[in-house]
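Geometric and topological summary
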Amino acid sequence: MIDKWLLIYVIVFTGGLCLALLFTPLFRSLAHKTGFLDRPADNHKGHARATALLGGAAMFTAWITAILCGVILVLTHALPGYFAETLPSHLVGFQLALVKQLSFVILGALLAVVLGLIDDKWALKAKWKFLGQFIIALIPVLCGGLRINFFVDSQIFSICVTIFWIMLMMNSINFFDNMDGLAAGTIAIAMGFFTVIAALNNEYFFAVFTALNFGVCCGFWFYNANPASVFMGDSGSHFIGYLAAVAAAGVTYFDKSFSLSRFPVLIPLLILALPLFDTMMVVLIRTVNKKPFWIGDHNHISHRFVRMGLSRKTAVFLVHLLALTIGLGALPVYWGDFKTAAVVLLQAFLLLGIITILQFRLEERKDAAEKVEKE
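The sections below set out a description of the structure shown in this document. As the structure is a prediction and not an experimental result, all values here were calculated from the model. (Residues numbered from 1 in each chain as written. Predicted model: local features only at pLDDT ≥ 70, side-chain atom pairs only at ≥ 80, totals over all residues. Heavy atoms only, no water.)

1. Structural notes on the overall build of the protein
Here is the rule we go by: Numbering of helices and strands runs from the N terminus; a helix is a DSSP stretch of H or I covering at least four residues, while a strand is a stretch of E covering at least two. Residue exposure (1.4 Å probe, protein chains only): buried if accessible area is under 20% of the type maximum, exposed if over 50%, otherwise partly exposed. Note on contacts: a residue pair qualifies if any of its non-hydrogen atoms lie within 4.5 Å across the two residues. Note that accessible areas follow from Shrake-Rupley with a 1.4 Å probe, and for residues the cover is restricted to the protein chains shown.
The helix and strand inventory of the protein stands at 14 helices and two strands. Counting every position in the protein, which comprises 375 residues, the buried fraction comes to 51%. Looking at the protein alone, contacts between residues at least 24 apart form 75% of all its contacts between residues at least 6 apart. Put simply, the protein shows about 17,800 Å² of open surface, and 70% of that area lies on carbon and sulfur atoms.

2. Some thoughts on the packing of helix 2 (residues 55-75) against helix 8 (residues 233-250)
As a reminder of what qualifies: Between N-to-C directions, angles cover 0 to 180 degrees, with each direction set by a line fitted to C-alpha atoms, over the stretch in contact for helices. Reported orientations rely on four angle classes, namely roughly parallel under 35 degrees, roughly antiparallel over 145, roughly perpendicular from 65 to 115, and oblique for the rest.
Where helix 2 contacts helix 8, the two axes come as close as 7 Å, and the packing angle between them is 40 degrees. As the angle between them shows, helix 2 and helix 8 are arranged oblique. Between helix 2 and helix 8, the residues in contact are G56, A57, M59, F60 and W63 and S235, G236, F239, I240 and L243, respectively.

3. Some remarks on helix 5 (residues 155-176)
The criterion, for reference: Expected helix span is taken as 1.5 Å per residue step, with the number of steps being one fewer than the number of residues.
Helix length check: helix 5, at 22 residues, gives a terminal C-alpha distance of 31 Å against a target of 32 Å (1.5 Å per residue), a fit within 8%. A large share of helix 5 lies buried, amounting to 16 of its 22 residues.

4. Let's talk about the pattern of salt bridges
Should the charged atoms of two oppositely charged side chains come close, the side chains can pair. Using the following cut-off: Salt bridge criterion: a side-chain nitrogen from Lys or Arg within 4 Å of a carboxyl oxygen from Asp or Glu.
If you walk through the whole model with that rule in mind, you get three salt bridges. Salt-bridge contacts for R286 lead to D297; the nearest nitrogen and oxygen are separated by 2.9 Å. Of this pair, R286 sits in helix 10 (residues 273-288) while D297 sits in the loop between helix 10 and helix 11 (301-307), and the two are 11 residues apart along the sequence. By relative accessible area, R286 is classed as buried at 2%. Within this structure, D119, K129 and D234 form a network of salt bridges that share partners.

5. Let's talk about the side chain of N174
Condition: Any pair of N or O atoms that falls within 3.5 Å is considered a polar contact. Within protein, one atom must be able to donate a hydrogen and the other to accept it, and sequence-neighbouring residues count only if both atoms are side-chain atoms.
Its place among the elements puts N174 in helix 5. Among the polar contacts listed, one links the side chain of N174 to the side chain of S237, at a separation of 3.0 Å.

6. Side note on the environment of T34
Secondary-structure assignment places T34 in helix 1 (residues 4-34). Distance in space between the C-alpha atoms of T34 and A52 is 9.7 Å, their sequence separation being 18 residues.

7. Some thoughts on unusual backbone geometry
Residue N226 is joined to P227 through a cis peptide bond whose omega torsion reads -5 degrees. The backbone phi angle of A123 is positive, close to 50 degrees, even though this residue is not glycine. Assignment of secondary structure puts A123 in the loop between helix 3 (91-122) and helix 4 (126-143). We classify A123 as exposed; its relative accessible area is 58%.

8. Notes on the packing of helix 5 against helix 10
Convention followed: Residues were grouped as follows: Ala, Val, Leu, Ile, Met, Phe, Trp, Tyr, Cys and Pro as nonpolar; Asp, Glu, Lys and Arg as charged; and all remaining residues, including Gly, as polar.
Axis separation between helix 5 and helix 10 bottoms out at 9 Å; the angle between their running directions is 80 degrees. By the criterion of interaxial angle, the relationship of helix 5 to helix 10 is roughly perpendicular. Between helix 5, through W165, L168, M169, S172, I173, F175 and F176, and helix 10, the contact on the second element is made entirely by L274, P275, L276, D278, T279, V282, V283 and R286. Grouping the constituent residues of the contact of helix 5 with helix 10 by class yields 11 nonpolar, two polar and two charged.

9. As for the packing of aromatic side chains
To be explicit about the condition: For Phe, Tyr and Trp, where Trp contributes only its six-membered ring, two rings pair if their centres lie within 6.5 Å, and the inter-plane angle classes them as stacked under 30 degrees, edge-to-face over 60, or tilted in between. Working rule: Lys NZ or Arg CZ, within 6 Å of ring centre, within 35 degrees of ring normal, means a charge sits over the ring.
The full count for this structure, using the stated rule, is 13 aromatic pairs. When the centroid spacing of 4.2 Å and the interplanar angle of 15 degrees are considered together, the rings of W5 and Y204 count as stacked. Separated by 199 residues along the polypeptide, W5 in helix 1 and Y204 in helix 7 (residues 204-224) bring together distant segments of the chain. Its relative accessible area of 12% is what places W5 among the buried residues. Aromatic pair F205 and F206: ring centres 5.4 Å apart, planes at 90 degrees, arrangement edge-to-face. Overall, the relative accessible area of 25% leaves F205 in the partly exposed class. F206 sits in the buried class, given a relative accessible area of 8%. In this structure, R286 packs its charged tip against the face of F175, placed 5.2 Å from the ring centre.

And the structure:
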């Protein structure tokens, strides 16, 4: 008989997927009626027509609706009889998580969407955006007890690292959202991996949480894929970046009872390698070119694939394949010994290095060829 928790994960994923498929076109229509649009003159993404910009609000509405429905079903004992023996034993833990952690995670997610909507509408200055992100990060960390420790026995260190991580992911996905379906698809893949790791650990709460995130991202991707009829905007990139940060910080990766090395703590870096690597590269390029790192340009990994001659749709697909390929390395790192984990991590690093060398080398040859033609 199918494992009951596996069935719950599938149901939660499906619920998030269906709700996102339902709410996204509603918010798309609302965006057109209210003029909440991303117009070609206002962006550097290469789109030729005004596009609805309430994707973040749609994803959040689907996400919070699913959570509220789940909470009501659990607390009122209105679940189907099939789960009657599975869930009651976890009810106390669920109520504790709801009060101590989930409520603050929800508050942070809501504020992340609000901050993004304000930025979408009025284009906040970078300092105010960073301040808003800092306040948002404080909520799950100080109030919800979300922590990253890296084997350092220091409360202050743990708090600072976790706050930095949440802000980093919100900005990384904000940078990474530069082509149709790119960010939504990449985070959907990441949430799938987080669900698998949490399920393997029997961390039921976080497995359900990430399965829901997985479904919502997949449902939104259906409308955001090329050619996109709706953009997630900063509200969406802040929202899914925040969720990715919470998922990465909340799931357990290292445990002496099953871990054969300390490398599993790096699993989130493998799962989220593409947006993190892309952020590192564009910040480096902008710094070298003496430009503010928060000002958008066309130096992202997806843009470089396009300059290599690929279509935008193919470039996005290739980035998703890379995210899937590197993310799969999280599994042998999770259950492997020191040597296995070291080889997988080195392999992921080399793969990103190869892609980068090819991209910049082919761009140099293309620029040289164009220069010769002009002469």
